[in-house]
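Commentary on secondary and tertiary structure
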Amino acid sequence: MGDRYRLTWSTDVSPIPFNALFAVRTVLRDRSGAPIPDGSVVVDASMPQHGHGMPTRPIARPGVCSPKLEPGAAASSTLDCTHPDGVYVSEGMKFHMAGEWVLHFVVSGPLGPDTADAHYTL
Ligand SMILES: [Cu+2]
């Protein structure tokens, strides 16, 4: 991670299961520790020693959404989504091989874009 954000992550199943779906929960904060609810976190993973990724494509949950109503306009189809407490969840992760994995986090938010990698050995 660059120096724009603080990122912590955990999984819904621990340790990460072999060849089974799991979700990653990321908490995004600024450097002072305040949660950032209005960013985005995209998670992917790969095995650097094998040159391949996961067999699945994870999906980032939109967070908590409500219709965005603009003054004077009819109901809009636009949704206004937020991530209370800076919590972002990506579902559909799967590590189908034992070995070294790297989780890739691509962050955007009010402080600009950033990325982070985290190593995990299954
Ligand atoms: Cu592999």
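This one's a predicted model, so the numbers in the text were calculated from it and none came from an experiment.

With that settled, consider the coordination of the copper ion. With distances of 2.0 to 2.5 Å, the protein atoms coordinating the copper ion are Met-47 (SD), His-50 (ND1), His-52 (NE2) and Met-97 (SD). Around the copper ion sit 4 donor atoms; with metal-centred angles ranging over 90 to 123°, the donor geometry is tetrahedral. The sequence pattern describing where the donors of the copper ion fall on their chain is M-x2-H-x1-H-x44-M. Of this pair, His-52 sits in strand 4 (residues 52-53) while Met-97 sits in the loop between strand 8 (87-94) and strand 9 (100-108), and the two are 45 residues apart along the sequence. For His-52, a relative accessible area of 23% translates into the label partly exposed.

All chains considered together, the criterion is met by 1 salt bridge. Among the salt bridges present, the one from Glu-91 reaches Arg-61, with a minimum N-O distance of 2.7 Å. Placement of the pair is Glu-91 in strand 8 and Arg-61 in the loop between strand 5 (59-60) and strand 6 (64-67), with a sequence separation of 30 residues. With relative accessibility at 34%, the residue Glu-91 sits in the partly exposed group.

Read across the open sheet, the 4 strands follow the order 4-3-9-10; overall the sheet is antiparallel. A strand with exactly one partner marks an edge of an open sheet, and here the two such strands are strand 4 and strand 10 (114-121). Bridge count for strand 3 (residues 40-47) against strand 9 is 7 bridges, and the pairing is antiparallel. Looking at strand 9, one finds that Val-43 is bridged to Phe-105.

Before going further, it helps to examine the sheet that holds strand 8. If you walk across this open sheet you meet the 4 strands as 1-2-8-5, and the pairing is antiparallel. Strand pairing shows two members of the sheet lacking a second neighbour, strand 1 (5-11) and strand 5, which therefore form its edges. Relative to strand 2 (residues 21-30), strand 1 runs antiparallel, the two being bridged by 7 bridges. When the sheet's bridge partners are listed, Thr-8 is paired in strand 2 with Val-27.

How each quantity is defined
Residues numbered from 1 in each chain as written. Predicted model: local features only at pLDDT ≥ 70, side-chain atom pairs only at ≥ 80, totals over all residues. Heavy atoms only, no water. Donors = N, O, S within 2.8 Å, 3.2 Å for Na, K, Ca; no water. Tetrahedral: all angles 85-135°; square planar, octahedral: opposite > 155°, others 65-115°. Helix = DSSP H or I, 4+ residues; strand = E, 2+ residues; numbered from the N terminus. Buried < 20%, exposed > 50% of the residue type's maximum accessible area, 1.4 Å probe, protein only. Salt bridge = Lys/Arg side-chain N within 4 Å of Asp/Glu carboxyl O. Pairing = 2+ DSSP bridges.

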